[in-house]
There are 4 protein chains.
Amino acid sequence: MKVFYEKPSITREIVMKMLDAACTKAEQLGVAVNVTVVDEGANLKGFVRMDGAPLLSSGISQNKAYTAAAFGIPTSKWYPLIEKEPALLHGIVHTDRLTVFEGGIPLYINEQLAGGVGVSGGSAEQDGMIAAAAVEVLNQFLNVEA
Amino acid sequence: MKVFYEKPSITREIVMKMLDAACTKAEQLGVAVNVTVVDEGANLKGFVRMDGAPLLSSGISQNKAYTAAAFGIPTSKWYPLIEKEPALLHGIVHTDRLTVFEGGIPLYINEQLAGGVGVSGGSAEQDGMIAAAAVEVLNQFLNVEA
Amino acid sequence: MKVFYEKPSITREIVMKMLDAACTKAEQLGVAVNVTVVDEGANLKGFVRMDGAPLLSSGISQNKAYTAAAFGIPTSKWYPLIEKEPALLHGIVHTDRLTVFEGGIPLYINEQLAGGVGVSGGSAEQDGMIAAAAVEVLNQFLNVEA
Amino acid sequence: MKVFYEKPSITREIVMKMLDAACTKAEQLGVAVNVTVVDEGANLKGFVRMDGAPLLSSGISQNKAYTAAAFGIPTSKWYPLIEKEPALLHGIVHTDRLTVFEGGIPLYINEQLAGGVGVSGGSAEQDGMIAAAAVEVLNQFLNVEA
């Protein structure tokens, strides 16, 4: 009988580099956002709110990161999943912390779900690009290590 | 004056067999889910999260079991009930813990409502089949005993 | 730079054996309890409420398991830590979910924190013995595998 | 009539340096902690959880930073204030988020309250030293600029 299995968990060092990369990308886009990174247990690992970023979006960025890590798909994939299913469209959106719009991306290490990034404060498209910039940093370091 | 009546309440033993049967069914379907069983008071009686099952769905499975036990109909029957009634469609879906999509099934013993099963983590259809597998175990034991 | 590290995570199979062992121990002691197992992210992995166990203790067992997994020491060690420190004695006990009395034990695999067990419904001593019986099952299987 | 006044608000750049300095200090002390920085509105500005830091302390570090920024004194000063006043000792400790033990330090800029730092995961003394290291970074930059 298998008693346990191993889950990869992101380090603080890479998380802080991801926060930095997200902010740099946001500055290039001329927008101020909130950035959250959660670990494989969907627990808060790192967060930063840029100067002038909307306070309202602080919690949204945390919920996007949670949603990505707790289900394993980008938050942008949720609406297409539910738009043709009225029971989900009217129902599942009430799930606590579930966020069904762009800006949350799951993190994978060795094909295992290892956390999530959430960005909020810009347009949906900007939030998505900024979150992708954070994920890109992780993937670069993973390739270097491999 | 009748002062009290009896409510059937499921035992821990059958609940653990129901959790096992649900997990076996899920493995056959190749999906990892969260499974909840609540008793006649709609209170948590048993729960298990399979390895790799989405964290997000943990609470949804609990809410499905609650909804089934607390109203007495499968959660899949809710949307057809409300879709033609705009006040319900936009209103009742905000009821705390109410879940209006497939995966929650009430438990009946001697025609009395005795609890609920909730499954979340697969497609709506998979969740429904897995919950049915759990209910089936209860019904098998009830028939053997009858 | 280290980008990630591995965390051991308990399987559903061992969790259900732990729930069973806890219930068997509780029956030997003649008490009905709630038993919770959480994983390395302090998220609910398994739960069972025995027939006749107090409903009030359902949440307490979950909080004990959370506390054990989220801090890494048995909940019975908390009071001795804080009783001589009045600021903690009057302050830290208000921390959400923190439980400072017996019945919660952390799980360690290869010296890494891998979850927690929480038991509530009996006396503090009984809860502690029942939680220990659940941990014992994990340790037996770990030794067999080693 | 004076219609408005200026509040100094810490930048993201200094906040990330404060998080780094706190982690460096924690590594020197051989302890893994959660570090939070909030701004002049007592709202989350930056956060990091070190590898291996207790999950339980994540919320405590946020509450310490909140308490410091929302009242303007170090959290270590709270207990001496209330210990001789039974109504406070038994009452005010229930205030939502109020933390009455060491590890939270307010931030002042030009004698104006400008935020707070909160650290949790080590001993009270360690948490206090690590929070002080974060504040020290802010003060160094303020002096250089002055």
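In what follows, the accompanying structure is described. Remember, it's a predicted structure, so these values are computed and weren't measured experimentally.

1. Topic: the interface of chain C and chain A
Next, step 1: If you look at the interface, chain C gives 25 residues, while chain A gives 25 residues.
Next, step 2: Surface buried jointly by chain C and chain A totals about 2200 Å² across both partners, of which 56% is contributed by carbon and sulfur atoms.
Next, step 3: For the chain C face of the interface with chain A, the top three residues by lost area are C:Met1, C:Val3 and C:Phe4, together amounting to 30%.
Next, step 4: Where chain C packs against chain A, one counts four salt bridges.
Next, step 5: We note a salt bridge from A:Lys7 to C:Asp39, for which the minimum N-O separation is 3.9 Å.
Next, step 6: The tally of links between chain C and chain A comes to 11 residue pairs in polar contact (both at pLDDT 80 or more).
Next, step 7: Among the elements of the structure, strand E1 (4-10), helix H1 (12-29) and helix H5 (124-145) of chain C are those that each provide at least two residues to the side of chain C that touches chain A.

2. Considerations on the arrangement of the chains
Next, step 1: In this assembly, five pairs of chains are in contact, and the pair with the greatest number of contacts comprises chains A and C.
Next, step 2: Where chain B comes nearest to chain D, the C-alpha atoms are still 17 Å apart, and the two do not contact one another.

3. Describing the interface of chain D and chain C
Next, step 1: Contact residues are listed per partner, giving 13 residues for chain D and 17 residues for chain C.
Next, step 2: Each partner contributes to the roughly 1300 Å² buried at the junction of chain D and chain C, and carbon and sulfur atoms together form 75% of this total.
Next, step 3: A per-residue breakdown of the area chain D buries against chain C is headed by D:Leu55, D:Leu56 and D:Phe101, which together make up 45% of the total.
Next, step 4: Applying the counting rule to chain D against chain C returns zero salt bridges.
Next, step 5: Linking chain D with chain C are two residue pairs in polar contact (both at pLDDT 80 or more).
Next, step 6: Of all the elements, helix H2 (residues 56-71) of chain D adds the most residues to the side of chain D that touches chain C, at three residues.

4. Description of the relation of the copies chain C and chain A
Next, step 1: For the pair chain C and chain A, the relating rotation is 180 degrees, the translation along its axis is 0.0 Å, and the fit reaches an RMSD of 0.0 Å. Viewed as a symmetry operation, the transformation between the two copies matches a two-fold axis. Taking the C-alpha atom as reference, chain C places C:Gly41 closest to the rotation axis, 2.2 Å from it.
Next, step 2: Here 100% of the contact residues of chain C are again contact residues in chain A; the copies associate through an equivalent surface.

5. Concerning the layout of surface pockets
Next, step 1: Counted as a void, the second largest pocket has a volume near 760 Å³.
Next, step 2: What lines the second largest pocket is a set of 37 residues, among which A:Ala70, A:Phe71, B:Ala53, B:Pro54 and B:Gly121 lie closest to the centre.
Next, step 3: Of all elements in the fold, only strand E1 (4-10), helix H2 (56-71), helix H3 (78-82) and strand E5 (112-120) of chain A together with helix H2 (56-71) and helix H5 (124-145) of chain B reach the threshold of two or more residues within the lining of the second largest pocket.
Next, step 4: When residues in the lining of the second largest pocket are grouped by element, the largest group, four residues, is from H2(B).

6. A look at the sheet that holds strand E2 (residues 44-49) of chain D
Next, step 1: With antiparallel pairing, the eight strands of this open sheet are ordered in space as E4(A)-E5(A)-E2(A)-E3(A)-E2(D)-E1(D)-E4(D)-E3(D). Two strands lie at the open edges of the sheet, namely strand E4 (104-109) of chain A together with strand E3 (104-109) of chain D, each paired on one side alone. Adjacent strand axes in the sheet meet at a mean angle of 15 degrees when their direction is disregarded.
Next, step 2: Relative to E2(D), strand E3 (residues 44-49) of chain A is paired through three bridges, and the arrangement is antiparallel. Bridge pairing in E2(D) links A:Val48 to D:Gly46.
Next, step 3: Seen against the sheet, H2(D) touches E3 of chain A together with strand E1 (34-38), E2, E3 and strand E4 (112-120) of chain D and runs at an angle of roughly 160 degrees to E4(D).

7. Section: the packing of aromatic side chains
Residue and element names in this part refer to chain B.
Next, step 1: Counted according to the given criterion, the structure contains four aromatic pairs over all chains.
Next, step 2: Between Phe71 and Trp78, the aromatic rings sit 4.8 Å apart at their centres with planes inclined by 50 degrees, giving tilted as the arrangement.
Next, step 3: The exposure class assigned to Trp78 is buried, which follows from its relative accessible area of 6%.
Next, step 4: In this structure, Arg97 is placed above the aromatic ring of Tyr66, and the distance from its NZ or CZ to the ring centre is 4.4 Å.

8. Re the sheet that holds strand E3 (residues 44-49) of chain C
Next, step 1: Pairing is antiparallel in the open sheet, where eight strands are placed in the order E3(B)-E4(B)-E1(B)-E2(B)-E3(C)-E2(C)-E5(C)-E4(C). Strands at the two margins of the open sheet, each flanked by one partner only, are strand E3 (104-109) of chain B together with strand E4 (104-109) of chain C. The mean angle between the axes of side-by-side strands here comes to 15 degrees, regardless of whether they run parallel or antiparallel.
Next, step 2: Here strand E1 (residues 34-38) of chain B pairs with strand E4 (residues 112-120) of chain B via five bridges, running antiparallel. Along E4(B), the bridge assignment pairs B:Asn34 with B:Ser120.
Next, step 3: Together, E3 and E4 of chain B form the strand contacts of H5(B), whose direction differs from that of E3(B) by roughly 10 degrees.

Parameters at a glance
- Residues numbered from 1 in each chain as written.
- Chains lettered and ligands numbered in written order.
- Predicted model: local features only at pLDDT ≥ 70, side-chain atom pairs only at ≥ 80, totals over all residues.
- Heavy atoms only, no water.
- Contact = heavy atoms within 4.5 Å.
- Buried area = accessible area lost by both parts, 1.4 Å probe.
- Salt bridge = Lys/Arg side-chain N within 4 Å of Asp/Glu carboxyl O.
- Polar contact = N/O pair within 3.5 Å; in protein donor to acceptor, adjacent residues only side chain to side chain.
- Helix = DSSP H or I, 4+ residues; strand = E, 2+ residues; numbered from the N terminus.
- Least-squares fit on C-alpha atoms with pLDDT ≥ 70 in both.
- 1 Å grid on protein atoms, 1.4 Å probe; cavity = no way out; pocket = protein on both sides within 12 Å on 5 of 7 lines; lining within 4 Å.
- Points joined across faces, edges and corners; volume = space filled by probe spheres on them.
- Pairing = 2+ DSSP bridges.
- Axes fitted to C-alpha atoms, helices over the stretch in contact; angles between N-to-C directions.
- Phe/Tyr/Trp six-rings, centres within 6.5 Å; stacked < 30°, edge-to-face > 60°.
- Buried < 20%, exposed > 50% of the residue type's maximum accessible area, 1.4 Å probe, protein only.
- Lys NZ or Arg CZ within 6 Å of the ring centre and 35° of its normal.

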